[in-house]
Amino acid sequence: MVNSKVSVDIMLKWVKMVKELGLKIILHYDGKLVEELERSKVKRIKYDRLSVIARLPEIDGPDSEQILGIPQIKNGKGITQTTAIYEMLDRYDLSDNVVGTCQDTTSANVGNKQGVTVCSGKRSDRLLLRIDCRRHVIELEIKHFASAVSGRGTTAPGDKLFTKYRNKFDTIRDKIDYGDLNSFEWPQVEDSFMYRKAKEVLTLVEKMLEKNTFTRGDYKELAVLVFVYLSGKTDIRGKQFKFSLPHNISHARFMQRGLNYVALELLDEQADYMNYSEEERREVQLLAEFSALYYTPMFLQSSLAAEAPYLDLKNIQDLRELVKVCQEELDRDEEDVTKKVKLQAAKEALGNVYFHPDYLTPSNIVMALAGDMMSVEDKTTIARATWEALQEAGGRVESFPYKADFYKKLSICSVWPEEEEKPDLRNFVGHDSLLIFFQLDMADSQSLSWLTTEPKEWEKDPSYEIFRKFVKGMDVVNDVAER
């Protein structure tokens, strides 16, 4: 009873703060089938529940996050979830404070007909920012690559290998020769794409390990494995590398493929109990390389909201280059099965990335203006195009009513053809690029005058600082609702 009263008091105090300050809410939600113990019976029953968390990007500290509830719902359909969400919002009169939603990319959440994002827009009769969880998207990318290599379905490629590795790891733990680990085979041509890509990732993980600011231990474990795999060194800042006990196997677990494939490749024949078939050995080799060079840098930087558009553009560019390299390798030896498999897997990964252009849409591409990775030239291009969109709207945007085509998939190849090495970023900008500024009450020529100046001058403008703080305060991953 005490806990109940205290929690209500906390909630009411938080709602009062949000209303008085007019703070903007990004809703994070996630559905789960939860096994519960019924009070009237000694029996466990499974129920659909929906965790709904409100995040406030404009402020820091514990008040920036508040759980709204974990209601039981009759099913996981988009309309059912939306009804449950808005019942909670209406209870506290918070609907008008919501400016966006963050979710994983299931059809129930983001389907363009009955997903929660669409249903929420219809219900509020206005457009909301769509913030898809970047960790889920990156997991789908490696899952499609793994499925093409292994020939198994996308549900759990690799799980059989990982289970065998984990169950018998103790038989080799004390016998591992750390001087005989199987590391990455660097290309002989230093100017080649694969050499430059490997060098870039090695530099990244070295910097991350030096700063040691990992939010979770398994994130650091992935960085360490990739460092050892690419560098061939087992000394990490004075500490000797040792293999961790393999994690429990779950096809829904983040980083499972990265952690296990890289570890298996490092061990190679030392894990003799694996008894690889020719296909399994190829699977480990190709997935270890893909995990290290493509998956790891994307995953470890997935929470950087302001860098999301730049990183997604770079990922497309890198995967297109990988497809090109794989095709050239196959052209030199058309009978090589490994090269055929690698090319198909690269195409599958690229195709999946095309299907999730979530931070390259007109409404989200402008987030890059708050970041540091995109070049000054590209930032200027986006800024000028956004300013032009504002002028076409008459210098001020009064409303952003709901429209169905807002939720349609962006066709990457139509705005950035594959034959073009670099994209024309003006093609990614449109009227919807003003949405985030509208949500921040600054979609007018006076507030956005900084778009017409040089990027080095932006920090002097108070409106830009409000925008940058908001973007950097956003979560573009959905850990908060899942954990």
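Refer to the structure above for everything that follows.
The following paragraphs examine the structure supplied in this document. Just so you know, these numbers come straight off a predicted model, no measurement behind them. (Residues numbered from 1 in each chain as written. Predicted model: local features only at pLDDT ≥ 70, side-chain atom pairs only at ≥ 80, totals over all residues. Heavy atoms only, no water.)

Helix and strand counts for the protein come out as 18 helices and eight strands. Relative to the compact-globule value of 23 Å for 483 residues, the protein shows a C-alpha radius of gyration of 24 Å, a close match. By principal-axis analysis of the C-alpha atoms, the protein measures approximately 65 × 65 × 45 Å. Burial status across the protein gives 53% buried among its 483 residues. The long-range share in the protein, meaning contacts at least 24 apart out of those at least 6 apart in sequence, stands at 74%. Counting every atom, the protein has about 23200 Å² of accessible surface; 48% of that belongs to carbon and sulfur. Computed over 68 positive and 79 negative side-chain charges, the separation of the two mean positions in the protein equals 6 Å. (Helix = DSSP H or I, 4+ residues; strand = E, 2+ residues; numbered from the N terminus. Rg over C-alpha atoms; globule rule 2.2 N^0.38 Å. Buried < 20%, exposed > 50% of the residue type's maximum accessible area, 1.4 Å probe, protein only. Contact = heavy atoms within 4.5 Å. Areas by Shrake-Rupley, 256 points an atom, 1.4 Å probe, with all protein chains shown as cover. Lys, Arg positive; Asp, Glu negative; His and termini not counted. Charge placed at Lys NZ, Arg CZ, Asp CG, Glu CD.)

Negative charge collects at one region of the surface, where E328, D331, D333, E334 and E335 lie side by side. Here E334 lies in the loop between α11 (308-332) and α12 (337-354). In this structure E334 comes out as exposed when scored by relative accessible area, which is 52%. (Patch = residues over 30% accessible without salt bridge, like charges linked within 9 Å, V, L, I, M, F, W, Y side chains within 5 Å. Salt bridge = Lys/Arg side-chain N within 4 Å of Asp/Glu carboxyl O.)

If you check helix α17 (residues 462-473), its first and last C-alpha atoms are 16 Å apart, about what 12 residues at 1.5 Å a residue would give, namely 16 Å. All of the buried residues in α17 are S463, Y464, F467, R468, F470, V471 and G473. Residues of α17 that are buried make contact with β1 (25-37), β2 (44-55), β5 (98-103) and α16 (435-439). Capping the start of α17 is the job of one residue whose side-chain oxygen sits 2.8 Å from the backbone nitrogen of S463: D461. (Expected span 1.5 Å × (residues − 1). Polar contact = N/O pair within 3.5 Å; in protein donor to acceptor, adjacent residues only side chain to side chain.)

For S291, the location among the structural elements is in helix α10 (residues 278-300). The class for S291 is buried, based on a relative accessible area of 0%. Between the alpha carbons of S291 and T453 there is a distance of 40 Å; along the sequence they are 162 residues apart. Discounting residues that sit within four places of it in the chain, S291 has contacts with I142, R257, G258, Y261, V262 and T296.

Our focus in this paragraph is α10. The terminal C-alpha atoms of α10 lie 31 Å apart, and with 23 residues this matches the ideal 33 Å at 1.5 Å per residue to within 8%. S291 marks where α10 bends most, by close to 45°. By the criterion of burial, α10 is predominantly enclosed, with 19 of the 23 residues buried. (Bend = angle between axes of the 7 residues up to and from the residue.)

With that settled, the discussion passes to the environment of L410. Structurally, the position occupied by L410 is in the loop between α14 (376-392) and α15 (412-415). In this structure, the C-alpha to C-alpha distance between L410 and P357, residues 53 residues apart in sequence, is 6.5 Å. Setting aside chain neighbours within four positions, we find L410 in contact with Y354, P357, L360, T361, V415 and F428.

Here we take up the environment of Q301. With respect to the secondary-structure elements, Q301 resides in the loop between α10 and α11. Overall, Q301 belongs to the buried group, its relative accessible area being 9%.

Here we come to unusual backbone geometry. Unusually for a residue other than glycine, D125 sits at a positive phi of about 55°. Position of D125 relative to the elements: it lies in the loop between α4 (116-124) and β6 (129-132). With relative accessibility at 52%, the residue D125 sits in the exposed group. Of note, N212 is a non-glycine position whose phi angle comes to about 55°, a positive value. Its location among the elements puts N212 in the loop between α7 (193-211) and α8 (217-231).

Enumeration according to the criterion identifies 23 aromatic pairs in this entry. Summarising the aromatic geometry, the rings of F254 and F299 are spaced 5.9 Å apart at their centres and angled 65° between planes, so their arrangement reads as edge-to-face. Pair noted here: F254 is in the loop between β8 (239-240) and α9 (256-267) and F299 is in helix α10, with a separation of 45 residues, a long-range link. Comparing F254 with F299, the two get one shared label, buried. Joined through ring pairs, the aromatic side chains of F437, W450, W458, Y464 and F467 make up one cluster. In this arrangement the basic side chain of R134 is found over the ring face of Y359, its NZ or CZ atom lying 5.8 Å from the centre. Residue placement shows R320 over the ring face of W416; its charged tip is 4.4 Å from the ring centre. (Phe/Tyr/Trp six-rings, centres within 6.5 Å; stacked < 30°, edge-to-face > 60°. Lys NZ or Arg CZ within 6 Å of the ring centre and 35° of its normal.)

Buried together is how nonpolar side chains tend to be arranged in soluble globular proteins. F243, F428 and F467 are the most contacted members of the largest nonpolar core, which totals 128 residues. Looking at which element gives the most residues to this core, the answer is α10, with 12 residues. Apart from the residues within four sequence positions on either side, F428 is in contact with L313, L360, T361, P362, I365, L410, I412, V415, W416, P423 and S433. Residues W14, L56, I85 and V116 belong to the second largest nonpolar core, which totals 24 residues. (Core = buried A, V, L, I, M, F, W, Y, C linked by side-chain atoms within 4.5 Å.)

A separate point is the packing of helix α5 (residues 134-150) against α12. Between α5 and α12, whose axes approach to 8 Å, the crossing angle comes to 155°. In this view, α5 runs roughly antiparallel relative to α12, as classed from their interaxial angle. Once α5 is placed against α12, the crossing between them reads as right-handed. Taken together, the residues of α12 that come into contact with α5 (itself represented by V137, L140, E141, H144, F145, A148 and V149) are V341, K342, Q344, A345, A346, E348, A349, N352 and V353. Split into classes, the residues belonging to the contact of α5 with α12 amount to 10 nonpolar, three polar and three charged. (Axes fitted to C-alpha atoms, helices over the stretch in contact; angles between N-to-C directions. Parallel < 35°, antiparallel > 145°, perpendicular 65-115°, else oblique. Left-handed = near helix turned anticlockwise from the far one by under 90°. Nonpolar A, V, L, I, M, F, W, Y, C, P; charged D, E, K, R; others polar.)

What follows covers the state of the cysteines. Throughout the structure, instances matching the rule amount to zero disulfides. No disulfide involves C102; its sulfur sits 5.9 Å from that of C133, the nearest cysteine. With no disulfide of its own, C326 lies 17 Å from the sulfur of C413, the closest cysteine sulfur. (Disulfide = S-S within 2.5 Å.)

This part covers a nonpolar patch on the surface. The grouping of V2, V6 and I10 at the surface amounts to a nonpolar patch, some 270 Å² of accessible area in total. For V2, the position within the fold is in helix α1 (residues 2-21).

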